[in-house]
Amino acid sequence: MFFHPMDYVIIIAFLLALWAQFRVKSTFNKWAEVPTYSGMTGYEAARRMLDANGLYDIPIEPVQGRLSDHYDPINRVVRLSEPVYYENSIAAVSVACHEVGHAIQHKVHYPMLTLRHNMFPVVNFASGVAPLLIIAGLFFQQFSFLLGLGIIFFSAAVAFQLVTLPVEFNASNRARDLMVAEGFITNDEERGVAKVLNAAALTYVAAALISLLELVKYIMIFTNRNND
């Protein structure tokens, strides 16, 4: 009933997202088998990178799960999944240093990260409300204003995902530059680091693309209804 021509494009983007998820896992698994020349574990690389940037007070904690690594800006702690925390592979140090890249962004007040943090409370609310309004607007055509309101809230969520892209790419670039400069990896190992980080970045791109296409779809539906 609600099938729209844009759904063909969204399906393609969804398949791209599935491929991106597969690629990040397969790439991580491949480079998790390649030990670093330095012998440093993910924890050791992260600790040295934090200290090299004056972030001595930021702890690093192991967490359960695979690829559950993240930087917590509220509690100011880097959390690394156990395979990343304990292992000395190219994949482990790549992911660990990427998360430290976020901590460095926080320290230097990287504008896009600051914007992302400021957007979060609004987006957290909007993400919960938008689907309800959009569904109601699609079912009850006489209340099309609900669809329009849902689009506004959904736009905030899409904007948040778009802002996330430069944050992630910048963190990866910081990680790669510092890893080479500090001697965590050799020039030959940088190729593996790039593959791991680029594969991870692709998942963010695919997710943002799907959301953007869905937003365009809803806008087209809303516009067509108002023109009838």
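Residues numbered from 1 in each chain as written. Predicted model: local features only at pLDDT ≥ 70, side-chain atom pairs only at ≥ 80, totals over all residues. Heavy atoms only, no water.

Chemist: Honestly, the overall build of the protein in this entry has me stumped. Any pointers?
Modeler: Looking only at helices and strands, one finds seven helices and three strands in the protein. Starting at the N terminus, the α and β elements of the protein follow one another as α-α-β-β-β-α-α-α-α-α. Reported as C-alpha extents along the three principal axes, the dimensions of the protein are approximately 65 × 35 × 30 Å. Every one of the 228 residues in the protein was classed for burial, and the buried ones make up 46%. In the protein, the share of contacts with a sequence separation of at least 24, taken over all contacts with a separation of at least 6, comes to 72%. In the form shown here, the protein has an accessible surface area of approximately 11,800 Å², with 62% of it arising from carbon and sulfur atoms. Charge separation in the protein, taken as the distance between the mean sites of 16 positive and 19 negative side-chain charges, equals 4 Å. (Helix = DSSP H or I, 4+ residues; strand = E, 2+ residues; numbered from the N terminus. Buried < 20%, exposed > 50% of the residue type's maximum accessible area, 1.4 Å probe, protein only. Contact = heavy atoms within 4.5 Å. Areas by Shrake-Rupley, 256 points an atom, 1.4 Å probe, with all protein chains shown as cover. Lys, Arg positive; Asp, Glu negative; His and termini not counted. Charge placed at Lys NZ, Arg CZ, Asp CG, Glu CD.)

Chemist: Looking at this structure, I do not really get the sheet that holds strand β2 (residues 70–72). What am I missing?
Modeler: Strand pairing in a sheet takes place through backbone hydrogen bonds and is either antiparallel or parallel in direction. Taken in spatial order, the three strands of this open sheet run β1-β3-β2, and their pairing is mixed. Edge positions in the sheet fall to β1 (60–63) and β2, since each has one partner strand and no second. In this sheet, adjacent strand axes meet at a mean angle of 30 degrees when their direction is disregarded. Across four bridges, β1 lies against strand β3 (residues 77–81) in parallel orientation. Bridge pairing in β3 links Ile60 to Val78. On top of the sheet, helix α4 (residues 90–108) reaches β2 and β3; it is set at about 30 degrees to β2, its chief contact. (Pairing = 2+ DSSP bridges. Axes fitted to C-alpha atoms, helices over the stretch in contact; angles between N-to-C directions.)

Chemist: Looking at this model, I keep getting lost on the side chain of Glu168. Mind explaining?
Modeler: Residue placement: Glu168 occurs in helix α6 (residues 144–181). The buried charged residue Glu168 lacks any salt bridge partner; its closest oppositely charged side chain belongs to Arg116, at an N-O distance of 5.3 Å. Beyond its immediate sequence surroundings of up to four residues, Glu168 is in contact with His98, His102 and Tyr204. (Salt bridge = Lys/Arg side-chain N within 4 Å of Asp/Glu carboxyl O.)

Chemist: Looking at this structure, how should I read the environment of Tyr56?
Modeler: Among the structural elements, Tyr56 can be located in the loop between α2 (42–52) and β1. Tyr56 gets classed as exposed once you look at its relative accessible area, which sits at 60%. Look past the residues within four positions of Tyr56 in its chain and what remains in contact with it is Arg47, Leu50 and Asp51. Engagement of the side chain of Tyr56 in a polar contact is seen with the backbone oxygen of Asp51, the distance being 3.4 Å. (Polar contact = N/O pair within 3.5 Å; in protein donor to acceptor, adjacent residues only side chain to side chain.)

Chemist: Got a minute to help me understand α4 in this structure?
Modeler: An α-helical turn contains 3.6 residues, so any two residues separated by three or four positions project in the same direction. With 19 residues, α4 extends 27 Å from end C-alpha to end C-alpha; this agrees with the ideal 27 Å at 1.5 Å per step. With 16 of 19 residues buried, α4 is to be regarded as a mostly interior element. Taken from the residues just after α4, His109 is the one with a positive phi, measuring 55 degrees. (Expected span 1.5 Å × (residues − 1).)

Remember that the coordinates give geometry; whether it matters functionally is a separate question.
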